[in-house]
Amino acid sequence: MSDLKEIIAANLTALRQQAGLTQLQLAEMLNYSDKAVSKWERGESIPDLRVLIQLAEIYHITLDDIVREQPEKPVKPRLNLVKRRLLIALLSAGLVWVIATGVFMILYYISSVKDYASLTYVVAPFISSVVLFVFSAIWGRRITMTLCASAIVWSVVLIVHVFLARFAPEVTIWPFYIVAGGVQLLVIGWFILRKLYKPNRKSDLYNGDKSK
């Protein structure tokens, strides 16, 4: 078993380095802690089968390439999953602005609402922030979730500011910024707590990670 641990540890280290990923980046892609990844690469524990399958998918290799000794020709991951996910998220957010432009053009040529067509671009930042937040939540990226949550907060303030300035100029706007600042602090606090508190995964116990 010790030989198997050493083989898997050496392969996981080589694969991660060839993919240009840090232990933290790989950990976030797997929804594990970087501490767990470090233990796998030191041979202190072995990832469970589900994680091994995820790793094989990330590196576009087979399970056999992970559990057997390094072949004569080194395995070269063909795809950086982080870049692919980033591209998907950015394209989705960009689609929001394409749709917003289409709505703007429609409203602009309707005489009764022409003056309000530009408000489409005031709402677009909020929608695109929500889209990015959803992708970050699906893929478990805490820092991008925090950034997107902050963008949601301030895009809501932008909408309130512009709409009140346009339709209710007598309403005082600055209290909304104070509220948004408080919400922003909560978002930052949430990120810090998520960063500091990383619950142990069950697989750590199954794979011999019983450090106390």
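Residues numbered from 1 in each chain as written. Predicted model: local features only at pLDDT ≥ 70, side-chain atom pairs only at ≥ 80, totals over all residues. Heavy atoms only, no water.

Considerations on the overall build of the protein
Reasoning step 1: Helices and strands together make up the secondary structure of the protein, namely 10 helices and zero strands.
Reasoning step 2: Helices (α) and strands (β) of the protein occur, in sequence order from the N terminus, as α-α-α-α-α-α-α-α-α-α.
Reasoning step 3: Scored against the burial criterion, the 212 residues of the protein give a buried share of 37%.
Reasoning step 4: Here the analysis covers contacts within the protein between residues at least 6 apart in sequence; of these, 64% occur between residues at least 24 apart.
Reasoning step 5: For the protein, the accessible area works out to roughly 13,000 Å², and carbon and sulfur atoms hold 67% of it. (Helix = DSSP H or I, 4+ residues; strand = E, 2+ residues; numbered from the N terminus. Buried < 20%, exposed > 50% of the residue type's maximum accessible area, 1.4 Å probe, protein only. Contact = heavy atoms within 4.5 Å. Areas by Shrake-Rupley, 256 points an atom, 1.4 Å probe, with all protein chains shown as cover.)

With respect to the packing of helix α7 (residues 120-139) against helix α8 (residues 142-167)
Two quantities define a packed helix pair, namely the angle between the axes and the distance from one axis to the other.
Reasoning step 1: Put simply, α7 and α8 touch, their axes get as near as 8 Å, and they point 160° apart. By the angle between their directions, the pair α7 and α8 is classed as roughly antiparallel. Along this stretch, α7 crosses α8, giving a crossing that reads as left-handed. Facing α7, whose interface residues are Val122, Val123, Pro125, Phe126, Ser129, Val130, Leu132, Phe133, Ser136 and Ala137, α8 presents Thr144, Met145, Cys148, Ala149, Ala151, Ile152, Ser155, Val156, Leu158, Ile159, Val162 and Phe163.
Reasoning step 2: Along the lines of polarity and charge, the residues of the contact of α7 with α8 split into 18 nonpolar, four polar and no charged. (Axes fitted to C-alpha atoms, helices over the stretch in contact; angles between N-to-C directions. Parallel < 35°, antiparallel > 145°, perpendicular 65-115°, else oblique. Left-handed = near helix turned anticlockwise from the far one by under 90°. Nonpolar A, V, L, I, M, F, W, Y, C, P; charged D, E, K, R; others polar.)

Description of the confidence of the model for the protein
Reasoning step 1: Averaged over all residues, the pLDDT of the protein equals 83, while 85% of them reach at least 70.
Reasoning step 2: Below pLDDT 50 for its whole length, residues 199-212 participates in 17 contacts with residues either more than four positions away or in separate chains. (pLDDT = per-residue confidence, 0-100.)

Description of the environment of His161
Reasoning step 1: Following the sequence through the fold, His161 ends up in helix α8.
Reasoning step 2: With 15 residues separating them in the primary sequence, His161 and Phe176 have C-alpha atoms 8.3 Å apart.
Reasoning step 3: In contact with His161, other than residues within four places in its own chain, are Ile173 and Tyr177.

Some points on a nonpolar patch on the surface
Reasoning step 1: A cluster of nonpolar side chains, contributed by Leu95, Val98, Ile99 and Val103, occupies part of the molecular surface with about 350 Å² of accessible area.
Reasoning step 2: Looking at the secondary structure, you find Leu95 in helix α6 (residues 81-108).
Reasoning step 3: The class of Leu95 is partly exposed, set by a relative accessible area of 48%. (Patch = residues over 30% accessible without salt bridge, like charges linked within 9 Å, V, L, I, M, F, W, Y side chains within 5 Å. Salt bridge = Lys/Arg side-chain N within 4 Å of Asp/Glu carboxyl O.)

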